[in-house]
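Listed here are the chains, written in short residue letters.
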Amino acid sequence: KISICTMASRPESSLPPELYYDDKEAKKYTQNSRIIQIQSEMSERAIELLSLPEDPTIRSSLLVLDVGCGSGISGAALTEAGLNWFGVDISSSMLEIALENEVEGGLARCDIGHGLPFRAGCFDAVVSVSALQWLAYSDRSTANPIRRQRAFFTSLYACMSVGARAVLQFYPADELQLQLLLNSAMSCGFTGGLVTDYPESAKARKHFLVLDTAGTRPMPAAQDEAGGRHSTKQQQPMRKGSKAWIMRKKEQYRRKNPDSKALPSDSKYTGRKRKPRF
Amino acid sequence: IFKISNMKLILHNMLTSAMIKGVKKGYPLLLRATKVELQPVEFDAGFVVHMLPRLDWSGVTAAVQCLNQPDLLQDPLPELPPTVPDDYANNEDFLRKAHIALMQLDVIEGCLVCPETGREFPIAKGIPNMLINDNEAA
């Protein structure tokens, strides 16, 4: 007996974002811990790629734009990183969830494909997590994806301060989409390019457009299978029962049950190898 | 618990209607507020100093004036000079007033109006809706 699971492989191929992210779909961003985990990690990575000064006094003076802020997962990462931010999104359902989550950034609703509604030079940095692929599609007869991309990237360049960097993570459906988006970005005055983490794995790879408004800054290094830049980051899936796995499971439990006192607190004994008893 | 996500005048100052076809400047957007709250926000001098050069100060003072309606706010509005003083970076008195104006006046309901086309952008639950139709876009 075989059960076949059918699932839309790409949300962008079914509906535009303001219709796709209705209340039911948006709810997943409060309840699905896997989605939240992945979005959080990519947000943290995007912030890392911004290469902002570590000094918290400097960070607290900066203003970041979060493009496609959705339910506020990336916004929470920005706040955690000590940064002020404004977020824009097209979906009222997702912004509703951001309000429920009591995000600490200013919010506005807009369609980035018409151009961002901001004056010149407002933002010290820009992040975007899993939003730009929506610019590759259009099912409205009046809208043209390339034109929308140009409108977005031109307005993005304009609203960034001199020397600001934008790090935009997105999921291209294929190589063509990737190249089109990259070309649109690079034709609007930016320097920089594409950084792809875990490029060997079709499943794990993550694409980040890293766009600078001035001069040539060295591009940040991507993470790869051969150990990557962070010796502490696990490239292989965490082995079940390992200390890292235990810590992750405990963190997941804490996130779901913030008031529970059931978990033993972390100590140097957590996940330590015990002597064989049998 | 105060809502940082409500539209503050610092956000209002950065918004523009320039994505509309034919609009040349698109700011400052006229502010018609029907519900405003004064919310405490921690004063960060560094942030105000960093933001001031990129703000349209006449837009800030105009927005504060727009909020100067009877019955809109119980608390008094901060008194702002017409231009940013030259010594703003060290002028704590000015920075604190600017902070109140920029960060503590939450616009919860109302609308923003394009100064060139009159096109309205509603504000609901503190979130301005800057959506336009495809045929309005530049």
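Residues numbered from 1 in each chain as written. Chains lettered and ligands numbered in written order. Predicted model: local features only at pLDDT ≥ 70, side-chain atom pairs only at ≥ 80, totals over all residues. Heavy atoms only, no water.

Some points on the interface of chain B and chain A
Chain B puts 32 residues into the contact, and the matching count from chain A is 35 residues. Between chain B and chain A, a total of about 2800 Å² is buried, with carbon and sulfur atoms accounting for 60% of that surface. Looking at the side of chain B facing chain A, the largest losses of area belong to Met14, Arg54 and Asp134 of chain B, adding up to 22% of the total buried there. Between the two partners, chain B and chain A, sit two salt bridges. (Contact = heavy atoms within 4.5 Å. Buried area = accessible area lost by both parts, 1.4 Å probe. Salt bridge = Lys/Arg side-chain N within 4 Å of Asp/Glu carboxyl O.)

Points about the packing of helix α2 (residues 23-31) of chain A against helix α3 (residues 33-50) of chain A
Residues and elements named next belong to chain A. Where α2 contacts α3, the two axes come as close as 6 Å, and the packing angle between them is 75 degrees. Looking at the two axes, α2 sits roughly perpendicular to α3. Between α2, through Lys28, Tyr29, Thr30 and Gln31, and α3, the contact on the second element is made entirely by Ser33, Ile35, Ile36 and Gln39. Its residues placed into classes, the contact of α2 with α3 shows three nonpolar, four polar and one charged. (Axes fitted to C-alpha atoms, helices over the stretch in contact; angles between N-to-C directions. Helix = DSSP H or I, 4+ residues; strand = E, 2+ residues; numbered from the N terminus. Parallel < 35°, antiparallel > 145°, perpendicular 65-115°, else oblique. Nonpolar A, V, L, I, M, F, W, Y, C, P; charged D, E, K, R; others polar.)

Thoughts on the sheet that holds strand β4 (residues 127-128) of chain B
An order of β1-β2-β3-β4 (chain B) is seen for the four strands of this open sheet, with the pairing classed as antiparallel. One side of each edge strand has no neighbouring strand; the edge strands of this open sheet are β1 (30-38) and β4 of chain B. (Pairing = 2+ DSSP bridges.)

Comments concerning the domain arrangement of chain A
Taken as a whole, chain A is organised into domain 1 (11-236) and domain 2 (239-278). A C-alpha centroid distance of 33 Å is found between domain 1 of chain A and domain 2 of chain A. (Domains from an automatic or database assignment.)

So, a nonpolar patch on the surface
Taken together, the side chains of Ile146, Leu176 and Leu180 of chain A present a nonpolar region at the surface, about 250 Å² in accessible area. Mapping leucine 176 of chain A onto the fold places it in helix α8 (residues 175-186). (Patch = residues over 30% accessible without salt bridge, like charges linked within 9 Å, V, L, I, M, F, W, Y side chains within 5 Å. Areas by Shrake-Rupley, 256 points an atom, 1.4 Å probe, with all protein chains shown as cover.)

Focus on the nonpolar core
Ranked by size, the top nonpolar core spans 75 residues in total, and within it Phe118, Leu132, Phe152, Phe153, Leu156 and Leu168 of chain A together with Leu67 of chain B carry the most contacts. The element that contributes the greatest number of residues to this core is helix α4 (residues 92-103) of chain B, accounting for six residues. Leaving out residues up to four positions away in the same chain, phenylalanine 118 of chain A has contacts with Leu65, Val88, Phe123 and Cys159 of chain A together with Leu11, Met14, Leu15 and Thr16 of chain B. (Core = buried A, V, L, I, M, F, W, Y, C linked by side-chain atoms within 4.5 Å. Buried < 20%, exposed > 50% of the residue type's maximum accessible area, 1.4 Å probe, protein only.)

A short note on the pairing of strand β5 (residues 160-170) of chain A
All names here are of chain A. Summarising burial for β5: nine of the 11 residues are buried, a large majority. Pairing between β5 and strand β7 (residues 206-212): six bridges, direction antiparallel. Residue valine 167 lies in a different strand from β7, and its bridge partner there is valine 210.

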